[in-house]
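# Chain and residue survey
Spelled out, the chains give:
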Amino acid sequence: VVKVEGTAPECSTRLTGSGFVIGADLIITNAHVVAGVEKPTVRVKGKGKAFEGTIVYFDPALDVALIRTKDFPSVALQISDPLKRGDDAVIAGFPGGGPLTLIPGRVRSVTESNGTDIYGKAPVTREIYAISADIKQGDSGAPMFALDGTVAGLVFASSATDADTGYALTAKEFM
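So, here's what we can say about the structure. (Residues numbered from 1 in each chain as written. Predicted model: local features only at pLDDT ≥ 70, side-chain atom pairs only at ≥ 80, totals over all residues. Heavy atoms only, no water.)

Turning our eyes to something else, we now look at the overall build of the protein chain. When its secondary structure is counted, the protein chain shows 2 helices and 13 strands. Along the three orthogonal principal directions, the C-alpha set of the protein chain runs to about 40 × 35 × 25 Å. Across the 175 residues that make up the protein chain, the buried fraction comes to 49%. Residue pairs at least 24 apart in sequence account for 58% of intrachain contacts in the protein chain once pairs closer than 6 positions are excluded. When the accessible surface of the protein chain is summed, it comes to about 8500 Å², and 52% of that surface belongs to carbon and sulfur atoms. Where the 17 positive side-chain charges of the protein chain centre and where its 20 negative ones centre are 5 Å apart. (Helix = DSSP H or I, 4+ residues; strand = E, 2+ residues; numbered from the N terminus. Buried < 20%, exposed > 50% of the residue type's maximum accessible area, 1.4 Å probe, protein only. Contact = heavy atoms within 4.5 Å. Areas by Shrake-Rupley, 256 points an atom, 1.4 Å probe, with all protein chains shown as cover. Lys, Arg positive; Asp, Glu negative; His and termini not counted. Charge placed at Lys NZ, Arg CZ, Asp CG, Glu CD.)

Below is the structure:
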């Protein structure tokens, strides 16, 4: 699990979020975490050396981005089988840009959701988990772990109306 940081020069905004390793020197996060960022950096567990990366994939509809690093000292996390309503989960993110935090969660539903891309323009349908969890800004891009330690989802939002609800893309959407 990594902290993703960067500056979007066009709007002079410092962005921070979460991500995780899915392949050799390859980190997945949300597109909105790195939108406008030219040189994102990643830190293992949010500490130590900042590894500079290059955005090699950016999908504003799914809200997924891939960052390629060099000589990154970590191995890929394994992807789980789909979770179902009532399954417990753990989110590992960096709420508020702070330290790595483990957040308990439970799947409320698995559904096809209609929305828009990260710019609020193009319509998109994605399979998502609605989860009972205290998701905060900075958790975007965090892995949603099944209890066996495999990754079931990619956190992308918290509810605007319910502080105890968050949302994650199912692995089907990003793998």
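Within the secondary structure, Asp87 is located in the loop between strand 7 (64-68) and strand 8 (88-93). For Asp87, the side chain forms a polar contact with the main-chain nitrogen of Lys84, separated by 2.8 Å. Excluding residues that lie within four positions of it along the chain, Asp87 makes contacts with Gly105, Arg106 and Val107. (Polar contact = N/O pair within 3.5 Å; in protein donor to acceptor, adjacent residues only side chain to side chain.)

Inspection of the secondary structure puts Lys3 in strand 1 (residues 2-8). Beyond its immediate sequence surroundings of up to four residues, Lys3 is in contact with Thr16, Gly17, Thr41, Val42, Arg43, Gly46, Phe94, Gly97 and Gly98.

Right, let's talk about the nonpolar core for a bit. Within the largest apolar cluster, 18 residues are counted, with the highest numbers of intra-cluster contacts made by Phe20, Ile22, Ile28, Val64, Leu154, Leu169 and Phe174. Within the residue set of this core, elements represented by two or more residues are strand 2 (13-23), strand 3 (26-29), strand 7, strand 12 (151-158) and helix 2 (171-174). Per element, the largest residue contribution to this core is 3 residues, and it comes from strand 12. (Core = buried A, V, L, I, M, F, W, Y, C linked by side-chain atoms within 4.5 Å.)

A few words on the pairing of strand 2. Judged by how many residues are buried, strand 2 sits mostly within the fold: 8 of 11 residues are covered. As paired elements, strand 1 and strand 2 share 7 bridges and run antiparallel to each other. Across the sheet, residue Val2 finds its bridge partner in strand 2, namely Gly19. Where strand 1 folds back onto strand 2 in an antiparallel hairpin, the turn is made up of 4 residues, including Ser12, whose phi is positive at roughly 50 degrees. By the bridge criterion, 3 bridges tie strand 2 to strand 3 in an arrangement that is antiparallel. (Pairing = 2+ DSSP bridges.)

This next bit is on the pattern of salt bridges. Across all of its chains, the model carries 7 salt bridges by this definition. Residues Lys172 and Glu112 are paired through a salt bridge, measuring 3.9 Å at the closest nitrogen-oxygen approach. In this pair, Lys172 is assigned in helix 2 and Glu112 in strand 9 (residues 101-116), connecting sequence segments 60 residues apart. A salt bridge links Lys136 to Asp134, with the nearest nitrogen and oxygen atoms 2.9 Å apart. Here Lys136 falls in the partly exposed class, since its relative accessible area comes to 40%. Salt bridges here are not isolated pairs; linked through shared partners, they connect Glu112, Glu127 and Lys172. (Salt bridge = Lys/Arg side-chain N within 4 Å of Asp/Glu carboxyl O.)

Moving on, we come to the sheet that holds strand 2. Taken in spatial order, the 7 strands line up as 5-4-1-2-3-7-6 in an open sheet, and their pairing is antiparallel. Single-partner strands in this sheet number two, and they are strand 5 (51-52) and strand 6 (54-59).

On to the sheet that holds strand 8. Strand pairing in a sheet relies on backbone hydrogen bonds, with the paired strands running either antiparallel or parallel. Spatially, 6 strands are ordered 8-9-10-13-12-11 in a closed barrel, and the strand pairing comes out antiparallel. Going from strand to strand, the sheet's axes swing by 50 degrees on average, the running direction of each strand aside. Bridge count for strand 10 (residues 123-132) against strand 13 (residues 165-170) is 5 bridges, and the pairing is antiparallel. Along strand 13, the bridge assignment pairs Ile131 with Gly166. (Axes fitted to C-alpha atoms, helices over the stretch in contact; angles between N-to-C directions.)

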